[in-house]
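# Tertiary structure, described
Listed below are the residues making up each chain.
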Amino acid sequence: MTDAEAIDPKITVFIAGDSTACDYEPSRAPRAGWGQMIGGFFDGNFISIENRAISGRSSMSFINEGALDGILADIKPGDYLLIQFGHNDAKKEDPARYSDPATYQSYLDQYVKGARQAGANPVLITPVHRRSFAKGRLVSTHGLYPGAMTALAKKEKAPLVDLTELSRVLFEALGEEKTKELFLWLKPGVSVNYPEGVQDDTHFAENGATEIAKLIVRGIKELNLPLAKYIRL
């Protein structure tokens, strides 16, 4: 046992992801990422959340900027790494972030293998839907990326939470108008941080981030991972 393990026996759940998952400072409230809220669903006596998600990152840029290396330097045997990318990987106009679905898959593989080499447990999470409706049905904006992640999970026998599907079911059940309550949709004057209001179909308000975190936690529970025994839901 290392000194670090002796000091902190808790299981740490690391999060690698983008703006839909990352923490936000109070000046941007009520905007929130699901990683900011997920700790409330675990027993804090045994689980510590380390949210390393960074706004605007893709599976590639997160690696190229050294963020994955930072996680792998800190993660210990028995910890978990939740991996959710896909919102920024498809941005062809930005070579610092773009990777086609096959290359995206190869980058994700580095997260899976890196976590396993450290004795930790990777969990892949397909990208959460944006709020994009047509005739009452949700329109996919992630193309082939969720399928590429799912194929990698199957190949590597890695646990997968299909958040793309879980969020589709939730958003369609709520409907086009009601989903505004989950996203960062605010009328002018409602928030001092957004005095002119905001209409954001990608990022969540605190209650929406909580609902997405709940979907992920339920997915972990359904996978029957050892982590599930610490869930409070």
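Residues numbered from 1 in each chain as written. Predicted model: local features only at pLDDT ≥ 70, side-chain atom pairs only at ≥ 80, totals over all residues. Heavy atoms only, no water.

### Considering the side chain of Glu-156
- Take Glu-156: it is sitting in helix α6 (residues 145–156).
- On the accessibility criterion, Glu-156 (18% relative accessible area) is buried. (Helix = DSSP H or I, 4+ residues; strand = E, 2+ residues; numbered from the N terminus. Buried < 20%, exposed > 50% of the residue type's maximum accessible area, 1.4 Å probe, protein only.)

### What about the nonpolar core?
- Core analysis: the biggest nonpolar cluster contains 39 residues, and Trp-34, Ile-38, Phe-42, Leu-82, Phe-171, Ile-212 and Ile-220 have the highest contact counts within it.
- For this core, the elements supplying multiple residues, two or more each, are β1 (11–17), β4 (80–84), β5 (121–125), α7 (163–174) and α8 (206–222).
- If we skip the residues at most four places from it in the chain, Ile-220 touches Phe-42, Leu-82, Val-161, Leu-225, Leu-227, Ala-228 and Ile-231.
- Core analysis: the second largest hydrophobic core is formed by 26 residues, Leu-81, Ile-83, Ala-120 and Met-149 among them. (Core = buried A, V, L, I, M, F, W, Y, C linked by side-chain atoms within 4.5 Å. Contact = heavy atoms within 4.5 Å.)

### Digging into the pairing of β1
- In terms of residue burial, β1 counts as a mostly covered element, since seven of its seven residues are buried.
- Alternating positions in β1 separate into two faces, Ile-11, Val-13, Ile-15 and Gly-17 on one and Thr-12, Phe-14 and Ala-16 on the other, with burial throughout.
- Alignment of β1 against strand β3 (residues 47–51), held across five bridges, turns out to be parallel. Paired with Thr-12 across the strands is Ser-48, a residue of β3.
- In terms of strand pairing, β1 meets β4 through five bridges, oriented parallel. Each residue of the ladder has a partner; that of Val-13, found in β4, is Tyr-80. (Pairing = 2+ DSSP bridges.)

### Overview of the packing of helix α5 (residues 101–117) against α6
- Contact geometry for α5 and α6: axes closest at 9 Å, N-to-C directions at 40°. Judged by the angle between their axes, α5 and α6 are oblique. Handedness of the crossing formed by α5 with α6: right-handed. Of the residues in α6, those touching α5 at Pro-101, Tyr-104, Gln-105, Leu-108, Asp-109, Val-112, Lys-113 and Arg-116 are Tyr-145, Ala-148, Met-149, Ala-151, Leu-152 and Glu-156.
- For the contact of α5 with α6, the residue count by class is nine nonpolar, one polar and four charged. (Axes fitted to C-alpha atoms, helices over the stretch in contact; angles between N-to-C directions. Parallel < 35°, antiparallel > 145°, perpendicular 65-115°, else oblique. Left-handed = near helix turned anticlockwise from the far one by under 90°. Nonpolar A, V, L, I, M, F, W, Y, C, P; charged D, E, K, R; others polar.)

### Re the pairing of strand β10 (residues 198–205)
- Most of β10 sits out of view: six of its eight residues are buried.
- One ladder, built from two bridges, connects strand β2 (residues 31–32) with β10; its direction is antiparallel. Across the sheet, the residue bridging to Ala-32 is Phe-204, located in β10.
- In terms of strand pairing, strand β9 (residues 183–186) meets β10 through four bridges, oriented antiparallel. In the strand pairing of β10, Leu-184 is matched with Asp-200.

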